[in-house]
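Residues per chain are reported as follows:
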Amino acid sequence: MLNNNPKLRIFLSAVLGFAGGNSLSTAVFPFATALLFKTESFDMLGPLRLTLPIAALWAAAGGFIGWRGGISTGVAVLGVVGALAGLALGMSTGDVGQWLMGALVGAVYGAIGGLILGSVFR
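Residues numbered from 1 in each chain as written. Predicted model: local features only at pLDDT ≥ 70, side-chain atom pairs only at ≥ 80, totals over all residues. Heavy atoms only, no water.

A. Spatial organisation of a nonpolar patch on the surface. On the surface, a cluster of nonpolar side chains totalling about 370 Å² of accessible area is made up of Val 108, Ile 112, Ile 116 and Val 120. Tracing the sequence through the fold places Ile 112 in helix α4 (residues 97-120). (Patch = residues over 30% accessible without salt bridge, like charges linked within 9 Å, V, L, I, M, F, W, Y side chains within 5 Å. Areas by Shrake-Rupley, 256 points an atom, 1.4 Å probe, with all protein chains shown as cover. Salt bridge = Lys/Arg side-chain N within 4 Å of Asp/Glu carboxyl O. Helix = DSSP H or I, 4+ residues; strand = E, 2+ residues; numbered from the N terminus.)

Here it is, written out as structure tokens:
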């Protein structure tokens, strides 16, 4: 069904990308920050203002993966987008140490998401 309807593929992958970007900024980044920097995860409410732009960026990347397809495309695209989103989240905290941590967490989370999304939309 998805192979016969490319618009549905792009839409569905964009929705899944939006969900992944949303979860990165609202759950994964605060959890990793609280775990690695021994802070409270509620202190990460400042970076939440970036949730909508990050989710929109991930939706565009997910739509591209649905259009182009492939595991290598998914890992590369969402890995880079995840690194940029994590870097932006880390920079918004004001702590220089969290810039690299945010980029690494975002890159790993994005690469895993890209692996899954790329394998679904070959």
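So that's the structure; there's more coming.
B. Up close: the packing of helix α3 (residues 71-93) against α4. Where α3 contacts α4, the axes come no closer than 6 Å and their chain directions differ by 155°. As far as their axial angle goes, α4 and α3 are roughly antiparallel. Relative to α4, α3 is oriented so that their crossing is right-handed. (Axes fitted to C-alpha atoms, helices over the stretch in contact; angles between N-to-C directions. Parallel < 35°, antiparallel > 145°, perpendicular 65-115°, else oblique. Left-handed = near helix turned anticlockwise from the far one by under 90°.)

C. The arrangement of the packing of helix α1 (residues 6-37) against helix α2 (residues 51-68) in detail. At a minimum axis separation of 6 Å, α1 and α2 run at an interaxial angle of 145°. Crossing handedness for the pair α1 and α2: right-handed. Where α1 abuts α2, its residues Arg 9, Ile 10, Ser 13, Ala 14, Gly 17, Phe 18, Gly 20, Gly 21, Asn 22, Leu 24, Ser 25 and Thr 26 lie against Thr 51, Leu 52, Ile 54, Ala 55, Ala 56, Trp 58, Ala 59, Gly 62, Gly 63, Gly 66 and Trp 67. Classifying every residue of the contact of α1 with α2 gives 11 nonpolar, 11 polar and 1 charged. (Contact = heavy atoms within 4.5 Å. Nonpolar A, V, L, I, M, F, W, Y, C, P; charged D, E, K, R; others polar.)

D. Here's a closer look at the side chain of Thr 51. Along the polypeptide, Thr 51 turns up in helix α2. Of the polar contacts made by the side chain of Thr 51, one reaches the side chain of Ser 25; its length is 3.4 Å. (Polar contact = N/O pair within 3.5 Å; in protein donor to acceptor, adjacent residues only side chain to side chain.)

E. Fine view of α3. Between its first and last C-alpha atoms α3 spans 32 Å; for 23 residues at 1.5 Å apiece the expected length is 33 Å, and the two agree. By the burial criterion, the buried members of α3 are Thr 73, Gly 74, Leu 78, Gly 79, Val 81, Gly 82, Ala 85, Gly 86, Leu 89 and Gly 90. Residue Gly 94 follows α3 closely and has a positive phi angle near 90°. (Expected span 1.5 Å × (residues − 1). Buried < 20%, exposed > 50% of the residue type's maximum accessible area, 1.4 Å probe, protein only.)

F. Examining the nonpolar core more closely. Counting 15 residues, the largest nonpolar core has Trp 58 and Leu 78 as its most contacted members. Within the residue set of this core, elements represented by two or more residues are α1, α2, α3 and α4. In contact with Leu 78, other than residues within four places in its own chain, are Trp 58, Ala 61, Ile 65, Gly 110, Ala 111, Gly 113, Gly 114 and Leu 117. (Core = buried A, V, L, I, M, F, W, Y, C linked by side-chain atoms within 4.5 Å.)

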